[in-house]
Amino acid sequence: MPAIPLTASGVERLQAELHQLKTVERPTVISAIADARAQGDLSENAEYDAARERQGFIEGRIAELEGTLSNAQVINPSELDGEGRVVFGATVEIEDLASEVRVVYQIVGDVEADIRANRISVSSPVARALIGKSAGDVVEVNAPSGLKEYEIISVRYA
């Protein structure tokens, strides 16, 4: 399996989720299955079916997280010397030239991308356009709504 690029904070978030699943969620669902079994006939026991389905989800997510973490290539943005260029892990402030709206994104791996937290995937169209550019550069992004132009205001490695 190829290396999966992750920021140091992304690894911490995934490890915290894995710990939560193993120490809280898994024991809770095992207890729920035991309680449902104690009620007798399992063929028409909705609580048992729901608990087994939840257990399957939890075990699948645990396996997924363990696989991701075992193949993680951790990149700490604070240790980067990108020489002012946009690189993986960098935090970039950009301005939409048409609307003059500014937004700040951190460029992260596919696994840790979360647009609500302003973390965009390195494979997204915006990130691909930004990679290798510096503050003051203008980039064009072919978005679903049409061609967008952004100016890079600043690049930080924190």
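Residues numbered from 1 in each chain as written. Predicted model: local features only at pLDDT ≥ 70, side-chain atom pairs only at ≥ 80, totals over all residues. Heavy atoms only, no water.

Visitor: How do you make sense of the overall build of the chain when you look at a structure like this?
Guide: Along the chain, the regular secondary structure elements total three helices and seven strands. Going residue by residue from the N terminus, the α and β elements of the chain occur as β-α-α-β-β-β-β-α-β-β. By the compact-globule yardstick of 15 Å for 158 residues, the chain is too spread out, its C-alpha radius of gyration being 21 Å. With the C-alpha coordinates aligned to their principal axes, the bounding extent of the chain is approximately 70 × 35 × 25 Å. Each of the 158 residues in the chain was classed as buried or not, and the buried ones make up 34%. (Helix = DSSP H or I, 4+ residues; strand = E, 2+ residues; numbered from the N terminus. Rg over C-alpha atoms; globule rule 2.2 N^0.38 Å. Buried < 20%, exposed > 50% of the residue type's maximum accessible area, 1.4 Å probe, protein only.)

Visitor: Please explain the environment of S78 as it appears in this structure.
Guide: Tracing the backbone through its elements, the reader meets S78 in the loop between strand 2 (72–75) and strand 3 (91–96). Considered as a pair, S78 and S123 are 45 residues apart in the sequence and their alpha carbons are 21 Å apart.

Visitor: Please clarify how the sheet that holds strand 7 (residues 146–156) should be interpreted in this entry.
Guide: Read across the open sheet, the five strands follow the order 5-4-3-7-6; overall the sheet is mixed. Of all the strands in the sheet, the pair left with one neighbour each is strand 5 (119–121) and strand 6 (138–143). The sheet shows a mean angle of 45° between the axes of neighbouring strands, direction not considered. In the sheet, strand 3 pairs with strand 7 via six bridges, with the strands oriented antiparallel. In the strand pairing of strand 7, E95 is matched with E151. (Pairing = 2+ DSSP bridges. Axes fitted to C-alpha atoms, helices over the stretch in contact; angles between N-to-C directions.)

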